[in-house]
Amino acid sequence: SDDVLTPDSLSTMASAIIKYPQAGYVHGHRILIDCKSVILPGDEPVKSDKVSFLPEPTVAVSGLKSGCQPGCLMDRQLAVEVGMVDENLHYTMDIDLLLRMALVRRPIYVSFPVVYLRGHPDTKSLQWNSQRAKEKICVVRKIFSRTDLPDSIKGLRRVCLATAHRFAWRCYTEARMYPFALWHLLLDIFYSPCNGWGKRLANYKLLRVGNRTQNFLSQTASD
């Protein structure tokens, strides 16, 4: 990996998961750096001793958010029990695994910078393409194909599908595949017509921010 753990990251996360053995994994704050290890503007670290049981399962599933994988320390036995990494996934295998773990045992978050997450033009996190879009939707289908979901999660199917299609239309927009982007935007609205407009606006703003970030990373890589 081209990411870098921060000093004291392992001891901080280990202490947290020892203190809270009921947690499935612990994750922390990530600091975004470029290919030359320069911290991106506005991403300076903030240190705190606060530990929280976050994200909550309903928030994690509905938002398809599970924490920054390079900054995670997990219970290996639990990872084995939930089926380990799905090697059929190329972009979303970390989200898929961590969500499966979070549905069994809640994760904890430490407000401590645990990893320098390196961004560069070739990193997966900046690859907006059809495969990444399809894998996000695949994660949702995998979750809701299960028969052991609690009622609090079962009721999130439409919201979760809206989130996945919202991500897909961003992918296709970034890839300049506009007909597909429009189709997924319509599906996003179809699954959540009365809600999510704030997130759709935020997604639009992220497109602009993402373009600026990618331009910055491309420039630093060529300097």
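Every value quoted in this text rests on a predicted model; they were computed, and no experiment measured them. (Residues numbered from 1 in each chain as written. Predicted model: local features only at pLDDT ≥ 70, side-chain atom pairs only at ≥ 80, totals over all residues. Heavy atoms only, no water.)

Novice: I tried to follow the side chain of K136 on my own but got confused; where do I start?
Specialist: Assignment of secondary structure puts K136 in helix 5 (residues 130–144). D94 provides the closest opposite charge to the buried, unpaired K136, separated from it by 7.6 Å. Beyond its immediate sequence surroundings of up to four residues, K136 is in contact with L64, T92, I95, A164 and F167. (Helix = DSSP H or I, 4+ residues; strand = E, 2+ residues; numbered from the N terminus. Buried < 20%, exposed > 50% of the residue type's maximum accessible area, 1.4 Å probe, protein only. Lys, Arg positive; Asp, Glu negative; His and termini not counted. Salt bridge = Lys/Arg side-chain N within 4 Å of Asp/Glu carboxyl O. Contact = heavy atoms within 4.5 Å.)

Novice: Teacher, can you tell me more about the pairing of strand 2 (residues 25–33) here?
Specialist: For a regular strand, the rule is simple: side chains alternate between the two faces of the sheet. Burial runs high along strand 2: 7 of the 9 residues are buried. In the sheet, strand 2 pairs with strand 4 (residues 72–74) via 3 bridges, with the strands oriented antiparallel. Looking across to strand 4, one finds that Y25 is bridged to M74. In this structure, strand 2 lies alongside strand 5 (residues 108–118), joined through 8 bridges in parallel fashion. (Pairing = 2+ DSSP bridges.)

Novice: What exactly am I supposed to notice about helix 7 (residues 157–174) here?
Specialist: Across its 18 residues, helix 7 extends 26 Å between first and last C-alpha, which sits within 8% of the 26 Å expected from 1.5 Å per residue. Of all 18 residues in helix 7, 14 are buried; the element is thus mostly enclosed. R176, located one to two residues past helix 7, shows a positive phi value of around 60°. (Expected span 1.5 Å × (residues − 1).)

Novice: I would appreciate a short explanation of the nonpolar core in the present structure.
Specialist: Note that soluble globular proteins tend to have their nonpolar side chains buried in a common cluster. By size, the foremost hydrophobic cluster in this structure holds 30 residues, and its most contacted members are V61, L64, L99, V140, I143, F144 and I153. Breaking this core down by element, the ones donating at least two residues are helix 2 (57–63), helix 4 (93–102), helix 5, helix 7 and helix 8 (178–191). Of the residues forming this core, the biggest block, 9 residues, is contributed by helix 7. When residues no more than four places from it in sequence are discounted, the contact partners of I153 are P57, T58, V61, L103 and F144. V26, L40, I108 and F112 belong to the second largest nonpolar core, which has 14 residues in total. (Core = buried A, V, L, I, M, F, W, Y, C linked by side-chain atoms within 4.5 Å.)

Novice: Just to check I follow, could you spell out the packing of aromatic side chains for this structure?
Specialist: The description of two aromatic rings rests on the distance between their centres and on the angle between their planes. Across all of its chains, the model carries 4 aromatic pairs by this definition. On the numbers, 5.5 Å between centres and 90° between planes, the contact of Y20 with F53 is edge-to-face. Note that Y20 is positioned in the loop between helix 1 (9–19) and strand 2 and F53 in the loop between strand 3 (51–52) and helix 2, a separation of 33 residues in sequence. Between Y172 and F180, the aromatic rings sit 5.3 Å apart at their centres with planes inclined by 25°, giving stacked as the arrangement. (Phe/Tyr/Trp six-rings, centres within 6.5 Å; stacked < 30°, edge-to-face > 60°.)

Novice: Please clarify how the pattern of salt bridges should be interpreted in this entry.
Specialist: Opposite charge on two side chains permits pairing when their charged atoms draw close. This structure, assessed with the given rule, holds 9 salt bridges. A salt bridge links D148 to R146; the nearest nitrogen and oxygen atoms lie 3.0 Å apart. Looking at R146, the relative accessible area reads 27%, which means it is partly exposed. Two residues, E174 and R170, come together in a salt bridge whose shortest N-O distance is 3.8 Å. With E174 and R170 both in helix 7, this residue pair falls 4 residues apart, about one helical turn.

Novice: How do you make sense of the packing of helix 5 against helix 7 when you look at a structure like this?
Specialist: Each pair of packed helices can be described by the angle between their axes along with the distance between the axes. In contact at an axis separation of 8 Å, helix 5 and helix 7 are set at 170° when each is read in the N-to-C sense. Classed by the angle they form, the pair helix 5 and helix 7 counts as roughly antiparallel. Each of S130, R132, A133, K134, K136, I137, V140 and F144 in helix 5 lies in contact with helix 7, whose residues at this interface are R157, C160, L161, A164, H165, F167, A168, C171 and Y172. For the contact of helix 5 with helix 7, a count of residues per class yields 11 nonpolar, 2 polar and 4 charged. (Axes fitted to C-alpha atoms, helices over the stretch in contact; angles between N-to-C directions. Parallel < 35°, antiparallel > 145°, perpendicular 65-115°, else oblique. Nonpolar A, V, L, I, M, F, W, Y, C, P; charged D, E, K, R; others polar.)

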